Number of protein chains: 2
Amino acid sequence: MNKISNVTVLGGGILGSQIAFHAAYRNFNVVIYDLSADLYNKIIAQFYLLKDFYIQEAHVSESDMEEVFNRISYSFDLKEAVEDADLVIEAIPENKEMKQELYQNLAQVAPQKTIFATNSSTMLPSSLAGYTGRPDKFLALHFANLLFRYNIVEVMGHPGTDQNIFRTVVDFSKELGMEPIEIKKEKNGYVLNSLLIPLLSAASELFITGVADIETIDKTWKMATGSPAGPFQIYDAIGLNTIYNIAQNGDVKSKLFAHFLKENYINKGKMGYLSGEGFYKYPPNNDINV
Amino acid sequence: MNKISNVTVLGGGILGSQIAFHAAYRNFNVVIYDLSADLYNKIIAQFYLLKDFYIQEAHVSESDMEEVFNRISYSFDLKEAVEDADLVIEAIPENKEMKQELYQNLAQVAPQKTIFATNSSTMLPSSLAGYTGRPDKFLALHFANLLFRYNIVEVMGHPGTDQNIFRTVVDFSKELGMEPIEIKKEKNGYVLNSLLIPLLSAASELFITGVADIETIDKTWKMATGSPAGPFQIYDAIGLNTIYNIAQNGDVKSKLFAHFLKENYINKGKMGYLSGEGFYKYPPNNDINV
């Protein structure tokens with residue numbers, strides 16, 4: 001069984017930079033790859049933001065954080081980025097053609113040993129496996145946003161994934177300090193979103209059809225289940241723009257909710273927790289409850 | 001606006017006796033009515049069980065509890081049971097014909113002033129209003145099991161409910177020490193079950209289709225949302241027999257889950273939390289987490 005030491009993250013967006021930073025924090029050698037050198041400054045800016053989070057939340061020292069930065073290198077050349085990689089984690093935008101092209105290129109330049117993992121939230125690994133040149137060494141490794149706080153990662157193969165590779169990636173997740181959620185069968189939405197979306201949809205339907213108001217729905221959920229956050233607080237945590245994009249593709253009631261979100265929140269810059277306001281207000285330094 | 005002092009609870013089952021006991025605990029004069037004097041001993045036995053709960057959970061003294069018993073009277077005659085009632089709370093079995101007949105009898109014998117409230121989980125108040133002889137003074141007041149612990153009650157009218165009556169019952173709920181969940185429009189499942197059922201169904205579908213095991217599903221939910229209980233722990237709290245009855249009336253996957261429940265749990269006496277074992281084991285005196 002392979003042992004993972006060198007990790008290359010493809011894509012320096014919100015989640016890609018979180019994955020790269022966390023892997024370096026947990027002592028892996030990390031290369032982060034993005035398409036253009038223009039993005040370098042953006043990635044660095046995100047790393048500095050993350051550094052502050054880790055110092056605050058994980059009580060890590062400034063000097064330990066310097067070591068983390070020393071374990072990360074940057075590359076804008078795919079071949080160079082993956083030449084020593086034991087594991088490549090792909091976290092580029094959710095565009096099927098872009099992903100297919102990337103995997104086709106990757107298949108040409110990555111060493112034989114390299115495992116490929118996609119962080120896609122919306123595409124099943126079986127829909128990409130054919131482009132990887134190594135379907136047996138390909139699977140999904142799905143991180144949640146703010147991964148350093150929630151500490152779960154979903155591991156999901158496709159029917160052609162080698163079970164030893166699956167175990168290797170589960171073990172890697174544990175070395176990342178994450179609780180691996182082992183998914184036994186391909187499923188859209190993995191486990192977490194398969195549970196979360198029906199709850200959230202039911203909440204927005206109750207609201208948009210006039211059955212109850214937002215505060216009442218959240219209060220009911222929290223009091224009856226002991227959960228720290230109600231559905232609309234979870235919406236705020238996910239971000240209303242993401243929710244808008246999902247709701248727009250739903251049924252009639254879902255589309256009504258999308259329209260309501262756009263008119264009353266998104267157009268007013270209320271994007272949820274990170275923007276300081278969504279369904280609720282989040283004063284600076286006042287931590288969210290989810 | 002009416003002020004509620006005298007409450008009559010119709011039906012001495014699990015929830016009926018909890019409602020009656022709690023109302024007496026909160027200083028209302030309570031009559032509990034059931035069909036036959038044979039049930040008297042059963043009701044008393046439940047009250048003694050509840051007494052121990054209140055002493056343990058609400059830190060009430062034995063002598064205070066005696067006062068509670070003094071505020072409860074028992075009746076097996078409907079006319080006598082409601083002759084002074086400001087509010088009648090109906091908590092008889094979920095059988096439509098039984099309820100219709102009861103409301104027809106009640107309409108004959110109850111004073112003009114009496115408000116009627118149904119605790120039905122499955123029937124909309126509009127489906128019963130026509131039998132009450134006073135649709136404007138009729139609404140649903142839906143308590144959750146273990147109501148003294150969760151402290152929420154859902155208040156839901158039908159289109160003909162007088163808004164003053166609705167407010168009176170909301171105020172009564174507050175005097176009960178409950179948080180009233182005000183539902184603005186009739187909805188099957190009220191707010192709580194409208195949220196809970198989609199989450200629970202998604203969880204059983206993930207399990208029954210082999211996507212993930214029970215512990216993984218619960219762990220994912222708890223870690224990602226901070227909730228104290230995962231879906232299968234909530235199933236145990238509700239009781240697997242109730243879940244079986246609901247699942248049997250669902251789609252194919254739901255029926256598969258019902259069959260699984262019967263074979264592996266119900267037939268073996270594992271009925272959930274109250275029986276000491278369901279999906280999880282609950283040793284005596286080890287409190288549940290929901």
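Our structure's up above, just so we're on the same page.
Residues numbered from 1 in each chain as written. Chains lettered and ligands numbered in written order. Predicted model: local features only at pLDDT ≥ 70, side-chain atom pairs only at ≥ 80, totals over all residues. Heavy atoms only, no water.

Draft legend 1. Quick peek at the overall build of chain A. Helix and strand counts for chain A stand at 12 helices and 8 strands. With the principal axes as the frame, chain A shows a C-alpha extent of 55 × 45 × 35 Å. Out of the 290 residues in chain A, the part that is buried amounts to 52%. In chain A, of all internal contacts separated by at least 6 residues, the share reaching a separation of at least 24 is 65%. Carbon and sulfur atoms form 49% of the exposed surface of chain A, whose accessible area is close to 12,800 Å². One finds the centroid of the 25 positive side-chain charges in chain A at a distance of 5 Å from the centroid of its 34 negative side-chain charges. (Helix = DSSP H or I, 4+ residues; strand = E, 2+ residues; numbered from the N terminus. Buried < 20%, exposed > 50% of the residue type's maximum accessible area, 1.4 Å probe, protein only. Contact = heavy atoms within 4.5 Å. Areas by Shrake-Rupley, 256 points an atom, 1.4 Å probe, with all protein chains shown as cover. Lys, Arg positive; Asp, Glu negative; His and termini not counted. Charge placed at Lys NZ, Arg CZ, Asp CG, Glu CD.)

Draft legend 2. Molecular detail of the pattern of salt bridges. All names here are of chain A. Here the structure, examined in full by the defined rule, presents 18 salt bridges over all chains. Residue Glu277 is joined to Lys270 by a salt bridge in which the shortest nitrogen-to-oxygen separation is 3.4 Å. Overall, Glu277 belongs to the partly exposed group, its relative accessible area being 22%. A relative accessible area of 23% places Lys270 in the partly exposed class. Each of Glu90, Glu94 and Lys99 takes part in a single network of salt bridges with overlapping partners. (Salt bridge = Lys/Arg side-chain N within 4 Å of Asp/Glu carboxyl O.)

Draft legend 3. Region of interest: helix α8 (residues 192–208) of chain A. Residue and element names in this part refer to chain A. Over its 17 residues, α8 runs 24 Å from end to end, which matches the ideal 24 Å to within 8%, given 1.5 Å per residue. Along α8, the residues classified as buried are Leu192, Ser194, Leu195, Leu196, Leu199, Leu200, Ala202, Ala203, Ser204, Leu206 and Phe207. Remark: Gly210 follows α8 within two positions and exhibits a positive phi of approximately 80°. (Expected span 1.5 Å × (residues − 1).)

Draft legend 4. Structural detail: the pairing of strand β2 (residues 29–33) of chain A. All names here are of chain A. Most of β2 sits inside the fold, with 4 of its 5 residues counted as buried. In the sheet, strand β1 (residues 6–10) pairs with β2 via 5 bridges, with the strands oriented parallel. Opposite Leu10, over in β2, you have Tyr33 as the bridge partner. Of the strand pairs in this sheet, β2 and strand β3 (residues 72–75) are connected by 4 bridges, and their pairing is parallel. Its bridge partner lying in β3, Tyr33 is registered against Ser75. (Pairing = 2+ DSSP bridges.)

Draft legend 5. Inspection of the interface of chain A and chain B at higher detail. Taken together, the 40 residues of chain A in the interface contact 40 residues of chain B. In total, about 3,400 Å² of surface goes out of reach between chain A and chain B, with carbon and sulfur atoms giving 75% of it. When residues of chain A are sorted by the area they lose upon contact with chain B, Leu195, Val211 and Met223 of chain A head the list and together hold 18% of the total. For the pair chain A and chain B, the interface holds 2 salt bridges. Notably, a salt bridge pairs Lys219 of chain A with Glu179 of chain B, separated by 2.7 Å at the nearest N-O pair. Taken together, chain A and chain B are joined by 7 residue pairs in polar contact (both at pLDDT 80 or more). Those elements giving two or more residues to the side of chain A that touches chain B turn out to be β7 (152–157), β8 (179–183), α8 and α9 (214–225) of chain A. Looking at the side of chain A that touches chain B, the element that brings in the most residues is α8 of chain A, giving 9 residues. Class assignment of the residues belonging to the side of chain A that touches chain B gives a composition of 23 nonpolar, 9 polar and 8 charged. (Buried area = accessible area lost by both parts, 1.4 Å probe. Polar contact = N/O pair within 3.5 Å; in protein donor to acceptor, adjacent residues only side chain to side chain. Nonpolar A, V, L, I, M, F, W, Y, C, P; charged D, E, K, R; others polar.)

Draft legend 6. Geometry of the packing of aromatic side chains. Residues and elements named next belong to chain B. Following the criterion strictly, the structure yields 48 aromatic pairs over all chains and no others. When the ring of Phe207 is compared with that of Phe232, the centres are 6.0 Å apart and the planes differ by 75°; the resulting orientation is edge-to-face. Placement of the pair is Phe207 in helix α8 (residues 192–208) and Phe232 in helix α10 (residues 231–238), with a sequence separation of 25 residues. Given a relative accessible area of 18%, Phe207 falls into the buried group. (Phe/Tyr/Trp six-rings, centres within 6.5 Å; stacked < 30°, edge-to-face > 60°.)

Draft legend 7. Local environment of the sheet that holds strand β8 (residues 179–183) of chain B. Residue and element names in this part refer to chain B. Read from one edge to the other, the open sheet built from 8 strands follows the order β3-β2-β1-β4-β5-β6-β7-β8, with strand pairing classed as mixed. In this open sheet, the two strands that pair with only one neighbour each are β3 (72–75) and β8. Neighbour-to-neighbour, the strand axes of the sheet open up by a mean angle of 25°, direction not taken into account. Each of β2 (29–33) and β3 is contacted by helix α2 (residues 40–57), which is oriented at about 160° to β3, the strand it contacts most. (Axes fitted to C-alpha atoms, helices over the stretch in contact; angles between N-to-C directions.)

Draft legend 8. Examining the packing of α8 of chain B against helix α9 (residues 214–225) of chain B more closely. Residues and elements named next belong to chain B. For the pair α8 and α9, the least separation of the axes is 9 Å and the interaxial angle reads 140°. With respect to α9, the axis of α8 lies oblique. Along this stretch, α8 crosses α9, giving a crossing that reads as right-handed. Contacts between α8 and α9 involve Leu199, Ala203, Leu206 and Phe207 from the first element and Ile214, Ile217 and Trp221 from the second. A class-by-class count of the residues in the contact of α8 with α9 yields 7 nonpolar, no polar and no charged. (Parallel < 35°, antiparallel > 145°, perpendicular 65-115°, else oblique. Left-handed = near helix turned anticlockwise from the far one by under 90°.)

Draft legend 9. Spatial organisation of the relation of the copies chain A and chain B. The operation relating chain A to chain B is a screw motion whose rotation component is 180°, with 0.0 Å of axial translation and a residual RMSD of 0.0 Å. Both chain copies can therefore be described as sitting about a two-fold axis. Considering only C-alpha atoms, the residue of chain A closest to the rotation axis is Ser227 of chain A, which sits at 2.1 Å. Mapped onto chain B, 100% of the interface residues of chain A again fall at the interface, so both copies present the same surface. (Least-squares fit on C-alpha atoms with pLDDT ≥ 70 in both.)

Draft legend 10. Structural context of the packing of helix α11 (residues 240–248) of chain A against helix α12 (residues 252–264) of chain A. All names here are of chain A. α12 packs onto α11 with a crossing angle of 150° between their chain directions and a minimal axis gap of 8 Å. Classified by the angle between their axes, α11 and α12 sit roughly antiparallel to one another. As α11 runs across α12, the sense of the crossing is left-handed. Contacts between α11 and α12 involve Leu240, Ile243, Tyr244, Ala247 and Gln248 from the former and Ser254, Lys255, Phe257, Ala258, Leu261 and Lys262 from the latter. Within the contact of α11 with α12, the residues separate by chemical class into 7 nonpolar, 2 polar and 2 charged.

Draft legend 11. The arrangement of the environment of Tyr33 of chain A in detail. In this structure, Tyr33 of chain A sits in strand β2. Of the residues examined, Tyr33 of chain A reaches a relative accessible area of 9% and is grouped as buried.

Draft legend 12. Quick peek at the pairing of β8 of chain A. Residues and elements named next belong to chain A. In terms of strand pairing, β7 meets β8 through 5 bridges, oriented parallel. Within the sheet, the bridge partner assigned to Met156 lies in β8 and is Ile183. In this fold, β7 hands off to helix α7 (residues 163–175), which returns the chain to β8; that crossover is right-handed. (Right-handed = clockwise from strand over helix to strand, strands pointing away.)

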